[in-house]
Amino acid sequence: MNKTDKDLLFEFVKTDFTLRYNNSILGFLWVVIKPLLTFTVMYIVFSILLGNTVKYYALYLLLGTIMYTFFQEITINGLNSLLQKKDMMLKVNFKRYLAVIGSTLIALINLLFNLVVIIIFFAFNRILPSFLDILIFFFGIIILYILGLAISFFISILHVIFRDLQHIWDIFMLVLFYLTPIVYPITLIKGKAFYLIDANPLTHIFNFTREALIYNKFESVYSTLIIFVISLILLYISYRFFSSKILKIAENF
Amino acid sequence: MSDNVIEVKNVSKTFKIPVERRSQLKDYFVHPFKKAKYNTFVALKNVNFTVKKGEFLGIIGRNGSGKSTLLKVISSIYLPNSGSISVKGKLIPFLELGVGFNPELTAKDNVFLNGAILGLTREQVRSKYNDIIEFSELQGFEETQLKNFSSGMQVRLAFSIAIQAEGDIYLLDEVLAVGDLSFQQKCFDMFRKLKKEGKTIIFVSHSMGAIEEFCDRVILLEKGMIKGEGSAFNVVQKYSELSFGKEEISSGLEKNFTLKLYNSNNEEKSIFTSHEEVRISLNYNLKKDLISPNIDFIVTREDGTIVSSISTYNTFDIDKLFSKGEISFYIKNLNLLPSEYFISLVVYNKDNTEKFVSIERIKNFKVFSSKAGLKGFFEFEGEWRK
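Given the structure is predicted, the values throughout are model-derived calculations rather than measurements.

Conventions we followed
Sequence order sets the numbering: in each chain, residues are counted from 1 along the sequence as written. Chains carry letters from A onward and ligands carry numbers from 1 onward, assigned in written order. At least 70 in pLDDT is required for a residue's local features to be given in this predicted model, at least 80 for side-chain atom pairs to be given and counted, and no such filter applies to totals for whole chains, interfaces and linings, which use all residues. Here a strand is any run of E in DSSP of at least two residues, a helix any run of H or I of at least four, and the numbering for each starts at the N terminus. Radius of gyration: over C-alpha atoms. The globule rule applied is 2.2 Å multiplied by the number of residues raised to the 0.38 power. Using C-beta atoms placed from the backbone, we call a residue buried if 20 or more other C-beta atoms fall within 10 Å of its own, exposed if 12 or fewer do, and partly exposed for counts in between. Any two residues are considered in contact once their C-beta atoms, placed from the backbone, lie within 7 Å. Each residue gets one label: Ala, Val, Leu, Ile, Met, Phe, Trp, Tyr, Cys and Pro are nonpolar, Asp, Glu, Lys and Arg are charged, and the others, such as Gly, are polar. Start and end positions for the domains come from either an automated domain assignment or a database one. Being paired, for any two strands, means DSSP has found at least two bridges between them. Helix axes use the C-alpha atoms of the stretch in contact, all axes being lines fitted to C-alpha atoms, and the angles between their N-to-C directions lie in the range 0 to 180 degrees. Residues enter a nonpolar core if they are buried, belong to Ala, Val, Leu, Ile, Met, Phe, Trp, Tyr or Cys, and are joined to the set through C-beta atoms within 7 Å. The scheme is simple: roughly parallel for angles under 35 degrees, roughly antiparallel for over 145, roughly perpendicular for 65 to 115, oblique for anything else. What makes a crossing left-handed is the near helix being turned counterclockwise from the far one by less than a right angle; a clockwise turn instead makes it right-handed.

*Asks:* Before we go on, may I ask you to explain the overall build of chain A in this structure?
*Replies:* Each helix and strand counted, chain A has ten helices and zero strands in total. Relative to the 2.2 N^0.38 estimate, which gives 18 Å for 253 residues, the radius of gyration of chain A is 19 Å and therefore close to what a compact globule would have. Each principal axis of the C-alpha distribution contributes one length, and for chain A these read about 60 × 45 × 35 Å. The 253 residues of chain A split such that 37% are buried. Across chain A, the fraction of contacts at a sequence separation of at least 24, relative to all contacts at a separation of at least 6, is 77%.

Pasting the structure below:
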């Protein structure tokens, strides 16, 4: 990536950022409010249902919700990234992958704002994670980002060809939310459902980061490392797929 | 090594246009075994040409002849089905002004965004920012959202950024030349500047005047194939033959007449300023005598309204036209208001009973003026008193 490409990427992110934060007074707040509201509703419903089975349930749920929102934003922004810039793509031949990366980066910025909320909640519960715990958390975020970007390279192309992918993806993300231990602890799941949830890579990444950050325990370490390697391979494959298809995609706009 | 900066070899491009649009996964579930039907549209067929460094190449052709597709293939927005394209140097496509402009962003943000899209770094945009704002005459509106700008202001801003782009090869689509006359004049100034700097330019236009004025070489596209290539004059002539078909009463003499316009310095031009001195010169090259002919130059506007005419009838006697020669009319004061004008030629016999030759729109020219806002065809000579 040379200087011009970097600057273009910067402008893409800046544009998304300005549109999101500058043009509505609540723009900044919405980013924090949305996961917080989801959290509140879930907290009320599930703390009644689950009782007191999870220690620090509020933190457990908040961390899960914010991480899931992060992953969801990457893929949804990635999904729309090419279609959103179609007018530009029909007139100028900038490097197309910048459009995808640019749209996913805004999710990273939103996550930074939500980190503030997480820090407040941790302080409120008087929990101070160790330096290693924090490193593990950011490692988890990096894996989520790589996985999300890999998926984005696939679905951004597919969305140009299949315009209803948006609806399908929304439903998929809703199902995935409940297939990930966010509102419930994985220990509660028994039988066949366990295999389904265990097969979900997010389960391991979430478990890994959350256990470290809240309980200072190291779980799902190997499975997370394997997922990290798989995500990198997936990113390579999806980028290859993207590069081979992108040259002809302009005709489908 | 050749000094060709663009080489287009055997390029073909076809588009598949689905008879029934299938852009949803749903369609594949509802009719999983139905084969999608396509109509193929050949946009380009075995196109071959090269462009040398510093050349100003024009591309003309009717709507749908493949001009825009060709530009998009060269700028690698579309991938050709076959053939190869090589481009040496930094290419900047201007298929539209203000690409990526976002109405919700301020003028300033849009300058940086559009600049980045045109391949400028942030530092470059920053150093040129003041020039851009000054040139677009938008001082004081820098923090205004683009949606609050008039379309004229938006175009001005877009254009001011565009002239700051730095490339070796420019692809200019005709869209650049839309707008009012003063804007067109600015565009033409930009073309002249680029040409002077030795940039390579490919220019697509419907304005034959501009094509003849700027292009060293012209390519004529028709149904995706190159139908003519050569000097601007010859190719434009061929194009008008293609467009208007052969004249209904072709006497076979059409090719023997050419019309040229000169300014007071005896330079051939097709763009003039109001009140300039203009010489209309009719060149002929005849094998057969035309005895006592009369010549009419009819000046019309785009819509066909006759603005004025110039005639030898009862005013200037010509005993005969033969072999090669030239006959000129001197306009002392081109008293026309800014617009595009067309000249048609009619040559007929002494008593106006027989037409020797009649050529519609043999030549067109544009008039610019420093005075804007006047309506009509011509300016009355006179003065205000009180």
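*Asks:* I'm lost on the overall build of chain B in this one. Help?
*Replies:* When its secondary structure is counted, chain B shows eight helices and 17 strands. With respect to the principal axes defined by its C-alpha atoms, chain B has extents near 75 × 65 × 50 Å. Counting the 386 residues in chain B, one finds 32% classified as buried. Within chain B, contacts between residues separated by at least 24 positions form 71% of all contacts whose residues are at least 6 apart in sequence.

*Asks:* Mind showing me how you'd approach the interface of chain B and chain A here?
*Replies:* Each partner contributes to the interface: chain B provides 26 residues, whereas chain A provides 24 residues. If you list the elements that add at least two residues to the side of chain B that touches chain A, you get helix H1 (25–30) and helix H3 (107–117) of chain B. The biggest single contributor to the side of chain B that touches chain A is H3(B), with five residues. Broken down by class, the residue content of the side of chain B that touches chain A amounts to 13 nonpolar, eight polar and five charged.

*Asks:* Help me understand the domain arrangement of chain B, please; the structure alone is not making it clear to me.
*Replies:* Interfaces are often sized by the accessible area lost when the parts come together. Residues and elements named next belong to chain B. Domain annotation of chain B identifies domain 1 (4–238) and domain 2 (255–368). Just the C-alpha atoms count here: the centres of domain 1 and domain 2 sit 35 Å apart. At the junction of the two partners, domain 1 supplies six residues and domain 2 supplies eight residues. The element that contributes the greatest number of residues to the side of domain 1 that touches domain 2 is helix H7 (residues 208–214), accounting for four residues. Taken together, the residues that form the side of domain 1 that touches domain 2 break down as two nonpolar, two polar and two charged.

*Asks:* I tried to follow the pairing of strand S7 (residues 200–204) of chain B on my own but got confused; where do I start?
*Replies:* Regular strands place side chains that alternate from one sheet face to the opposite one. Residue and element names in this part refer to chain B. Burial of S7 is extensive: five of the five residues sit out of reach of the surface. Burial of the side chains of S7 extends over both faces: Thr200, Ile202 and Val204 are buried on one face and Ile201 and Phe203 on the other. In this structure, strand S3 (residues 56–61) lies alongside S7, joined through four bridges in parallel fashion. Bridged to Gly58 within S7 is Phe203.

*Asks:* For this particular structure, what's the right way to read unusual backbone geometry?
*Replies:* Apart from glycine, the bulk of residues carry a negative phi angle, and the bulk of peptide bonds sit in the trans form. Residue and element names in this part refer to chain B. A positive phi is found at Asn266, a non-glycine position, where the angle reads about 65°. Mapped onto the secondary structure, Asn266 falls in the loop between strand S10 (257–262) and strand S11 (271–273). The backbone of Ser292 sits at a positive phi, close to 40°, despite the residue not being glycine. Summarising the element assignment, Ser292 is placed in the loop between strand S12 (278–291) and strand S13 (294–301).

*Asks:* What is the right way to look at the sheet that holds strand S2 (residues 38–52) of chain B in this model?
*Replies:* Within a sheet, each strand pairs with its neighbour through backbone hydrogen bonds, oriented either parallel or antiparallel. Residue and element names in this part refer to chain B. What the three strands build is an open sheet, ordered S2-S1-S4; its pairing is antiparallel. At either end of the open sheet lies a strand with only one pairing partner, and these are S2 and strand S4 (82–87). Here the strands of the sheet are splayed against their neighbours by 25° on average, with no regard to which way each runs.

*Asks:* Can you help me understand the nonpolar core in this one?
*Replies:* Residue and element names in this part refer to chain B. In this structure, Leu57, Leu171 and Phe203 are the most contacted members of the largest nonpolar core, which totals 119 residues. With sequence-adjacent residues up to four places away left out, Phe203 is seen in contact with Phe56, Leu57, Gly58, Leu172, Phe214 and Cys215. Core analysis: the second largest hydrophobic core is formed by eleven residues, Leu282, Leu321, Ile343 and Leu345 among them.

*Asks:* Sorry, what's going on with the sheet that holds S3(B) here?
*Replies:* Residues and elements named next belong to chain B. The six strands lie next to each other as S5-S6-S7-S3-S8-S9, forming an open sheet whose pairing is mixed. Because the sheet does not close on itself, it has two edges, and the strands there are strand S5 (91–94) and strand S9 (225–230). With strand direction ignored, the average angle separating the axes of adjacent strands in the sheet is 15°. Note: S5 against strand S6 (residues 169–172), four bridges, orientation parallel. Its bridge partner being in S6, Pro93 is matched across the sheet by Leu171. Against the sheet, helix H2 (residues 67–74) engages S3, S5, S6, S7 and strand S8 (217–222), with an angle of about 150° to S7.

*Asks:* Explain the packing of helix H1 (residues 3–21) of chain A against helix H5 (residues 97–124) of chain A to me, please; I cannot follow it from the model alone.
*Replies:* Each pair of packed helices can be described by the angle between their axes along with the distance between the axes. Residues and elements named next belong to chain A. The geometry of H1 relative to H5 is characterised by a closest axis approach of 9 Å and an angle of 50° between their N-to-C directions. Taken together, the axis directions place H1 and H5 in an arrangement best described as oblique. Crossing angle aside, the handedness with which H1 passes H5 is right-handed. Residues Asp5, Leu8, Leu9, Phe12, Val13, Asp16, Phe17 and Arg20 of H1 lie in contact with H5, whose contacting residues are Leu98, Ala99, Ile101, Gly102, Ser103, Leu105, Ile106 and Ile109. Split by residue class, the contact of H1 with H5 holds eleven nonpolar, two polar and three charged.

*Asks:* Any chance you could explain the packing of helix H6 (residues 131–161) of chain A against helix H10 (residues 221–249) of chain A here in plain terms?
*Replies:* All names here are of chain A. Two elements in contact, H6 and H10, have axes separated by 8 Å at closest approach and are oriented at 25°. With respect to their mutual orientation, H6 and H10 come out roughly parallel. For the pair H6 and H10, the crossing hand works out as left-handed. In terms of residue class, the contact of H6 with H10 is built from 19 nonpolar, three polar and one charged.

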